[in-house]
Amino acid sequence: MIAHREPSLREVDPALFDLIQHEDQRQRDSLRLIASENYASLAVLAATGSSLTNKYAEGYPGRRYYEGMDYIDPVEELAIARARQLFSAEHANVQPYSGSPANLAALLALCQPGDTIMGLSLPAGGHLTHGWKVSATGIYYNAVQYGVRRSDHRIDMDELRELALKHRPRLIWCGHSAYPRELDFPAFAAIAREVGAYLAADIAHIAGLIAGGAHPSPVPHADVVTTTTHKTLRGPRGGLILCKESHAKAIDKAVFPGLQGGPHNHSTAAKAVAFHEALQPSFRDYAHAIVANARALAAALIERDHVLVTGGTDNHIVLLDLTRLGIGGRRAAHALNLCGIELNANTIPFDPRKPFDPSGLRIGLAAITSRGLQPEHMPAVARLLDDALQVAARVGDGEPDSAVTSPLRGRVRELLSPFPAPGL
Ligand code: DSN
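In this report, the structure presented in the accompanying data block is examined. (Residues numbered from 1 in each chain as written. Predicted model: local features only at pLDDT ≥ 70, side-chain atom pairs only at ≥ 80, totals over all residues. Heavy atoms only, no water.)

Another point: the packing of helix H4 (residues 72-87) against helix H11 (residues 265-278). As a packed pair, H4 and H11 sit with axes 8 Å apart at the nearest point and diverge in direction by 35 degrees. H11 is crossed by H4, and the crossing has left-handed handedness. For the pair H4 and H11, contact is made by Ile72, Val75, Glu76, Ala79, Arg82, Ala83 and Leu86 and by Asn265, Thr268, Ala269, Ala272, Val273, Phe275, His276 and Ala278, respectively. A per-class count over the contact of H4 with H11 returns ten nonpolar, three polar and two charged. (Axes fitted to C-alpha atoms, helices over the stretch in contact; angles between N-to-C directions. Helix = DSSP H or I, 4+ residues; strand = E, 2+ residues; numbered from the N terminus. Left-handed = near helix turned anticlockwise from the far one by under 90°. Contact = heavy atoms within 4.5 Å. Nonpolar A, V, L, I, M, F, W, Y, C, P; charged D, E, K, R; others polar.)

Taking 1.5 Å per residue, 14 residues should reach 20 Å; H11 reaches 20 Å between its end C-alpha atoms and fits that length. Extensive coverage of H11 is indicated by the burial of eleven of its 14 residues. Along H11, the residues that are buried comprise Asn265, His266, Ser267, Thr268, Ala269, Ala270, Lys271, Ala272, Ala274, Phe275 and Ala278. At its buried positions, H11 is contacted by helix H3 (42-48), H4, strand S10 (239-243) and helix H12 (281-303). (Expected span 1.5 Å × (residues − 1). Buried < 20%, exposed > 50% of the residue type's maximum accessible area, 1.4 Å probe, protein only.)

Scanning all chains against the criterion turns up 16 salt bridges. A salt bridge links Asp73 to Arg64; its shortest N-O distance comes to 2.7 Å. When the shortest N-O distance is used, the salt bridge between Arg411 and Asp387 registers 2.9 Å. With a gap of 24 residues between them, Arg411 in helix H16 (residues 402-416) and Asp387 in helix H15 (residues 378-395) connect regions that are remote in the sequence. The partly exposed category is assigned to Arg411, whose relative accessible area is 32%. Within this structure, Glu23, Arg26, Arg32, Glu37 and Glu342 form a network of salt bridges that share partners. (Salt bridge = Lys/Arg side-chain N within 4 Å of Asp/Glu carboxyl O.)

Written as structure tokens, this is what we have:
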């Protein structure tokens, strides 16, 4: 009998294989500063690319609509147990496909269509799914948005309380995708309690910091906590919901059958691996190193006369205000990318420019901290950012010449070369 050898991806689809190889190299060579991204470990990637992708498993462990759950149930049980341990949560649902479905599931579980909900507005650093008007959460719910103070760009808890007393929301979101400061979860909970609202915390950006003890946890204070698993938490693309036992049934029902079909078991497995990694003592060091790096970069940028939203950071995000440089965020982000520095344009509070071309750049430290860069390297990162921004300012609406961008790309590669990219 001739043994059958199954062809590899390279043999089956060389064009696609080639694209992935190029992306791997791009991720090795770029200074990756997108605040929602990271490098998943080889172990997480291995689980993601496993046979578990072949299996349907609608339902929950022990209550499925399909046969063949011998190993799928223990995988999901392991992910649930580890998520609960990691965040000291009463209940965990590990099936959400990502953060947006997790947030919609929380609303489906706790609210009726048309109910009033409150969230931090997108231009102030909130997320689309906290009731922004084009999101399903702003279409199917009566969303009231709170903001930040003009004076210091910090969340205005007085405004939030006044709005909550006036609108009597059913649910209040706390959480953000571009806010560089610590969230005062007990204060949010006190307002929610005062007006009889549920408190939902979206910790997508800061989940890794919370898991590693570098940011306070909302779990004791919030009814429901949602997150993605791939940002500071460094897992696979996916979502997670934690909640009090009293909401467990409603949350599970909202995820399936309310919103989703079969869970992505390969992602569930990879989440379990990521939670295991985050339970190790080294992850605490990692979480604290992210914040130390963000603070060091903020200080180095301020030393170079840059303006930062709120004047600094408590988490993994540094929000750079480009107003004084006279460059739009999109042009700046594009020019920086050509220089090997990957980040995204972002609105700043009270942004005079349009959201598609806002006045800010969002910088995140999770990915380069995963590579092992430390606070002592942040002055070099600030210098690179500064030099690349000068390139952007010089070319204005034009395209920077490769004679100018290539040396910067070389400097980025040189800075990163002692720090291998995990997973690649
Ligand atoms: N798109 C993510 C981010 O970049 O923050 C949030 O969903």
